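This is what each chain is made of:
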Amino acid sequence: MSHQHDHNSNGSAGWKMYLPAIFSFLLLTAGICADYFLPDLFSGRLRIIWYAAAYIPVGLPVARTGIRLLLKGDVFTEFTLMTIATAGAFFIGEYPEGVAVMLFYTIGEYFQHSAVSRAKRSISALLDIRPDSATVIRNGVHTEVTPEAVGIGEIIFVKAGGRVPLDGLLLTEHGTFNASALTGESRPVHINEGANVLAGMINEDKPVEIQTTRMFDDSSLARILSLVQDATKRKARTEQFIRRFSRVYTPAVVLLAVCIIVGPFFFVDDYIFRDWLYRALIFLVISCPCALVISIPLGYFGGIGAASRNGILFKGSNFLDLMMRVNTVIMDKTGTLTKGVFKVQRIVSRGLPEAEWLPLVSALEAVSSHPVARAVVAYTEYVPGTLQVDDVTEIRGHGLRGMVNGKQVLAGNLKLLQREGIEMDNSWATETETIVAVAIDGKAAGYISISDEIREDSKAAIDELHEKGIETIMLSGDKQPVVDQVAGALGIGSAFGDLLPEDKVRIITQVKEQRGRVVAFAGDGINDAPALALSDVGIAMGGLGTDVAIETADVIIQTDQPSRIAQAVDIGKATNRVVWQNISFAFGVKLIVLLLGAGGIATMWEAVFADVGVALLAILNATRIQRKRF
């Protein structure tokens, strides 16, 4: 059943949609009663007019749609099938059956419309968090405007209990926000002054002021809304196949129906045209591909909706199918399995006094937004602009080079200093923690020891993936001893350290080349864009505010929880299971009733069940996934 009704299902438009079916049902019921109790009175022209009046309210919209599609060149549609079948029933005098087929078909349409609307509401539940207005402070006056009318750098006011309309930086000392609509995570988020606040969050504490950093259309919320709405456009292979199949199937069915009418004329002695026409009409009703055409997309709608409620955004139903088949998950360490929140542990001088080189490296790191750089700046409490910083170059996978107060400063991993030919003693290489190695004017100065913390649910996430028989591999640009330590704590089989971005790409390529591998890569979406793009399924972790993540990844996990990867696999499997249940059920029932119909055993009433009944049961099965808890 294709989507025929575009009425608003709320308010008065909702019940008005059912009026034609109610009118037809009442007339049909009265007509059947009259046929049974008053056969002599209810006959001839009166009977035809009565059933025609019952047929027109439900039959005319279907016939009109069929004719419109016919004029566009789309000859074989379900609308054409239903119109031919019911008009044929009238032609042979089976008026109640003709009305009943069209009435139940229309009722099925209403159910389908309702189910699709519910599924789309589930998918677009995020649309409810789109703020209607923003209170902007202009010349000291609070003015209510639409979020689209607020410029970058303007200050907005959000009262307690209000929804944040645009992305920005918190100007108030601190605030507590509910981000559950964005992340699916119920715990409130505590944000300090100067930190990012995202559109869609609810201010749970006192009134706050926020300086906007993006226009509304560029906000994380707006991008996620469009992402969710576009998700249904990228079809799974099963969905594409069913659509292609129905284009071939429907004309084939019409041809077979013609054969059922004409063929027996040459082989049956007591050929009665009316009987074989009736069988052909039953065949047409049964063969309508409604159950398949609607219940399969509906199953995928449900899967995408269920995932979005759990803070997982699929960019299309094709990725639901792929996620189900994933047998290898490759994960970045920093920011995915670990928190990516670094803290300075020790400062070790090796050549220059700490007071001489630490301020220089702090000034250089203040230019970078890398979590390690932020940790160094936070530790030294360096105020940007204190020292003169020039000619800063970021060497991918290595670190930073720049001039600070006229001195050349290198800050990064050991590879950076080795590459620049700087001599270091062996103790640097044996350090088990992550280090920022520093050289000033070509000479080793010392290093900063930094540690990262494993996420609370990383171990559970790895265990869940292993229970599903999915292999896990960890990649990191960090030192091999640090990587081995984290891998050991989490129970990850293979772990590779000292990697540049291109090394990660090489390893993913090697794994993908192995026969039967379906690879998902999970990364923080900032440095891992090439790896996200290369994998069969790219998963961006905590990608809510990350442009690169939203652009490159196929699946976005809005929370920072690796355990959602296993949940995404479960949702993919549940969706696929429902879709194939519907395909098997629809084909099975239709095939049985088709054979009975062709053999003259099934009547129009069985045909109605095989078409509308099967479609309704398939729709109900598809909506199960929306209610399922993962």
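First, a word on scope: everything that follows refers to the structure included in this document. Treat the numbers as computed from the prediction; the structure is a model and nothing was measured.

Another aspect to go through is the overall build of the protein. Broken down by element type, the protein carries 23 helices and 22 strands. Counting the 630 residues in the protein, one finds 52% classified as buried. About 28200 Å² of surface is accessible on the protein, with carbon and sulfur atoms providing 57% of the total.

Turning next to the sheet that holds strand β5 (residues 174-178). Reading across the sheet, the 3 strands line up as β6-β5-β8 and stay open at both edges, with antiparallel pairing between neighbours. Two strands bound the open sheet, and with one partner strand each, they are β6 (189-192) and β8 (202-203). With 4 bridges joining them, β5 and β6 adopt antiparallel strand pairing. When the sheet's bridge partners are listed, G175 is paired in β6 with I191.

Moving on, we get to the packing of helix α2 (residues 19-37) against helix α3 (residues 44-71). Running from amino to carboxyl end, α2 crosses α3 at an angle of 155°, the nearest separation of the two axes being 7 Å. In terms of orientation, α2 and α3 fall into the roughly antiparallel class. In this structure, the crossing between α2 and α3 has a hand that is left-handed. Contacts between α2 and α3 involve P20, A21, F23, S24, L27, L28, A30, G31, I32 and D35 from the former and R47, W50, Y51, A53, A54, P57 and V58 from the latter. Among the residues making up the contact of α2 with α3, the classes are represented as 13 nonpolar, 2 polar and 2 charged.

With that settled, consider the pairing of strand β17 (residues 443-451). Taking burial as the measure, the 9 residues of β17 include 7 buried ones, the bulk of the element. Pairing analysis gives 7 bridges linking strand β16 (residues 434-440) to β17, with the strands arranged antiparallel. Across the sheet, the residue bridging to I440 is K443, located in β17. What sits between the antiparallel neighbours β16 and β17 is a turn of 2 residues, in which D441 has the positive phi angle 50°.

Moving on, we come to the pairing of strand β20 (residues 519-523). Within β20, 5 of the 5 residues are buried, leaving the element largely enclosed by the surrounding structure. Of the two faces of β20, both are covered, the one formed by V519, F521 and G523 as well as the one formed by A520 and A522. Two elements, strand β11 (residues 328-332) and β20, share 4 bridges in a ladder whose sense is parallel. By the bridge assignment for β20, I330 is matched with F521. Examined bridge by bridge, β20 and strand β21 (residues 537-541) share 4 bridges and lie parallel to one another. Across the sheet, A522 pairs through a bridge with I539, a residue of β21.

On the surface, K573, R577, R624, R627 and K628 cluster together into a positively charged patch. Elements that contribute at least two residues to the positive patch include exactly α22 (563-598) and α23 (604-627).

Counted under the stated rule, the structure contains 9 aromatic pairs. Judged by centre distance (6.1 Å) and plane angle (85°), the ring pair of F42 and W50 falls under edge-to-face. A relative accessible area of 29% means that W50 is categorised as partly exposed. Within the aromatic cluster, the residues linked to one another by ring pairs are F42, W50, Y51, Y55, F90 and Y95. For R279, the ring lying beneath its charged end belongs to W276, and the centroid distance is 4.0 Å.

What counts and how
- Residues numbered from 1 in each chain as written.
- Predicted model: local features only at pLDDT ≥ 70, side-chain atom pairs only at ≥ 80, totals over all residues.
- Heavy atoms only, no water.
- Helix = DSSP H or I, 4+ residues; strand = E, 2+ residues; numbered from the N terminus.
- Buried < 20%, exposed > 50% of the residue type's maximum accessible area, 1.4 Å probe, protein only.
- Areas by Shrake-Rupley, 256 points an atom, 1.4 Å probe, with all protein chains shown as cover.
- Pairing = 2+ DSSP bridges.
- Axes fitted to C-alpha atoms, helices over the stretch in contact; angles between N-to-C directions.
- Parallel < 35°, antiparallel > 145°, perpendicular 65-115°, else oblique.
- Left-handed = near helix turned anticlockwise from the far one by under 90°.
- Contact = heavy atoms within 4.5 Å.
- Nonpolar A, V, L, I, M, F, W, Y, C, P; charged D, E, K, R; others polar.
- Patch = residues over 30% accessible without salt bridge, like charges linked within 9 Å, V, L, I, M, F, W, Y side chains within 5 Å.
- Salt bridge = Lys/Arg side-chain N within 4 Å of Asp/Glu carboxyl O.
- Lys, Arg positive; Asp, Glu negative; His and termini not counted.
- Charge placed at Lys NZ, Arg CZ, Asp CG, Glu CD.
- Phe/Tyr/Trp six-rings, centres within 6.5 Å; stacked < 30°, edge-to-face > 60°.
- Lys NZ or Arg CZ within 6 Å of the ring centre and 35° of its normal.

Geometry only, nothing functional implied.
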